Amino acid sequence: MKAIVEDAAGTGQGRTELYWAETDDPVPAADEVVIDVAATAVNRADLMQRQGGYPVPAGDSPILGLECAGVISEVGSAVQGWAVGDRVCALLNGGGYAERVAVPATQLLPVPATLSLVEAASLPESLCTVWSNLAMGFSAPLPGEAALIHGGASGLGSMAVQLAACAGYTVFATAGSPERARATERWGAVRGIDYRSEDFVAVVAELTAGRGVNVILDVVGGSYLQRNLDSLADDGRLMIVAGLGGSSATLDLASMFTRRLSVHATTLRSRARTGPTSKAAVVARVRADVWPWFESGQARPLIGRVLPIESVEEAHREIADGTALPGKTVLELPAGPR
């Protein structure tokens, strides 16, 4: 098969070179299926992996790509409930930038008839990241509760805005320009905040009459830590899923104690394959809680751009420099199933 492979020599600029080239076919384990890939999607984690900042767990595919959609072509001997020919999308442990990928059957989702495989490829990683932070282990939002989504025009952030709104939160979202801030409002945010010209702490305080928001989904990390805590309501929680603004900061514990604030840092890649907090458990919750919204049309894929997989460098460059269109960037394979 062909896949995007990395030149280990790299470019001398802290990342690898990428090529569409021949590589070995995946061999499924007993609990896995093989998917003939129609499309995959780009996540910032892919860029981090190229730079050595998001290491591949032992035993997982080193090929980039954390989600895909396609058609099952092989089924492992222990797999039940799935068959050759099924249209699926999947949360991957790696390997999505390829014509074929092996994935545990517990990490599959059925593609609704209303969605194309290209659309479905944009969903698994964002849905699982967002829902594991908004819902798993936490109660449903109470009337009047609010959420702040940082990076609300990104692939992850745009889905977070939509899901938080579907779940019943009053949603505020930050983005890097007035146009991108307004885009978040089309997806369900009550107010988009241009973080380059507005202070989100002040805006949140004004919009909530000084109470703050009940949950924050953050991709910035260190440089936003204290400002995020200042934006939380009493008993609020901060969910950090990336550290684009650094991985360390100083915080005021006294304020956390008196206001009963909590900070959670999570990632999907480090989750085990089985167990109550595993990838399989996350996918199961997404299928039960979130998938009906897509099957009914209440929620929809948010895709900024579709590119051929050979244009992966262009896609990565746009995400790195902040010029990618709002929504998810999807890479389409040249002759995959449709």
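As shown above, the structure is provided for reference.
First things first, this report covers the structure right here in the doc. Everything numeric in this text was worked out from a predicted model, so none of it was measured.

A few words now on the overall build of the chain. Summing up its helical and strand segments, the chain has ten helices and 15 strands in all. For the chain, the proportion of its 338 residues judged to be buried stands at 53%. Partitioning the intrachain contacts of the chain with sequence separation of at least 6 by distance along the chain shows that 67% fall at a separation of at least 24. About 14,000 Å² of surface is accessible on the chain, with carbon and sulfur atoms providing 53% of the total. Each charge sign in the chain was given a centre, from 27 positive and 37 negative side chains, and these centres are 4 Å apart.

So, about the pattern of salt bridges. Taken as a whole and judged by the stated rule, the model has 13 salt bridges. A salt bridge links glutamate 198 to arginine 191; its shortest N-O distance comes to 2.8 Å. For arginine 191, a relative accessible area of 24% corresponds to the partly exposed category. Among the ionic pairs, arginine 260 bridges to aspartate 235, the shortest N-O distance being 2.7 Å. Of this pair, arginine 260 sits in the loop between helix 8 (253-259) and strand 13 (262-265) while aspartate 235 sits in strand 12 (residues 232-240); the two residues are 25 residues apart in sequence, bridging distant segments of the chain. According to the relative accessible area criterion, arginine 260 is partly exposed, its value standing at 45%.

This part covers the packing of helix 3 (residues 124-134) against helix 9 (residues 279-296). At a minimum axis distance of 10 Å, the contact between helix 3 and helix 9 shows a crossing angle of 105 degrees. What the angle tells us is that helix 3 and helix 9 run roughly perpendicular. On helix 9, the residues touching Leu127, Cys128, Trp131 and Ser132 of helix 3 are Val282, Val283, Arg285, Val286, Asp289, Val290, Trp291, Trp293 and Phe294. In the contact of helix 3 with helix 9, the residues fall into ten nonpolar, one polar and two charged.

Here the focus is the nonpolar core. Leu127, Leu163, Val286 and Phe294 are the most contacted members of the largest nonpolar core, which has 75 residues in total. The greatest single-element share of this core, amounting to eight residues, is contributed by helix 9. Setting aside its immediate chain neighbours within four residues, leucine 163 contacts Leu127, Val130, Trp131, Val290, Trp293 and Phe294.

A few words now on the sheet that holds strand 8 (residues 146-149). Spatially, the six strands line up as an open sheet ordered 10-9-8-11-12-13, and their pairing is parallel. The sheet is open, and its two edges are formed by strand 10 (191-194) and strand 13, each paired on a single side. The sheet shows a mean angle of 15 degrees between the axes of neighbouring strands, taken without regard to direction. In the sheet, strand 12 pairs with strand 13 via four bridges, with the strands oriented parallel.

Our next topic: helix 6 (residues 200-207). Buried within helix 6 we find Phe200, Val201, Val203 and Val204. For helix 6, the angular spread of buried residues about the axis comes to 165 degrees, placing them on one side. Where the residues of helix 6 are buried, they touch strand 8, strand 9 (170-175), strand 10, strand 11 (213-218) and helix 7 (225-231). One side-chain oxygen of the residue at the start of helix 6 lies 3.0 Å from the amide nitrogen of valine 201, identifying that residue as aspartate 199.

A separate point is the side chain of asparagine 228. Structurally, asparagine 228 is set in helix 7. Residue asparagine 228 is classed as buried on the basis of its relative accessible area of 0%. A polar side-chain atom of asparagine 228 sits 3.4 Å from a polar atom in the side chain of aspartate 218. Those residues within four positions of asparagine 228 in sequence are excluded, and the remaining contacts are His150, Phe200, Ile216, Asp218 and Leu238.

Definitions and cut-offs
Residues numbered from 1 in each chain as written. Predicted model: local features only at pLDDT ≥ 70, side-chain atom pairs only at ≥ 80, totals over all residues. Heavy atoms only, no water. Helix = DSSP H or I, 4+ residues; strand = E, 2+ residues; numbered from the N terminus. Buried < 20%, exposed > 50% of the residue type's maximum accessible area, 1.4 Å probe, protein only. Contact = heavy atoms within 4.5 Å. Areas by Shrake-Rupley, 256 points an atom, 1.4 Å probe, with all protein chains shown as cover. Lys, Arg positive; Asp, Glu negative; His and termini not counted. Charge placed at Lys NZ, Arg CZ, Asp CG, Glu CD. Salt bridge = Lys/Arg side-chain N within 4 Å of Asp/Glu carboxyl O. Axes fitted to C-alpha atoms, helices over the stretch in contact; angles between N-to-C directions. Parallel < 35°, antiparallel > 145°, perpendicular 65-115°, else oblique. Nonpolar A, V, L, I, M, F, W, Y, C, P; charged D, E, K, R; others polar. Core = buried A, V, L, I, M, F, W, Y, C linked by side-chain atoms within 4.5 Å. Pairing = 2+ DSSP bridges. Arc of directions from axis to C-beta. Polar contact = N/O pair within 3.5 Å; in protein donor to acceptor, adjacent residues only side chain to side chain.

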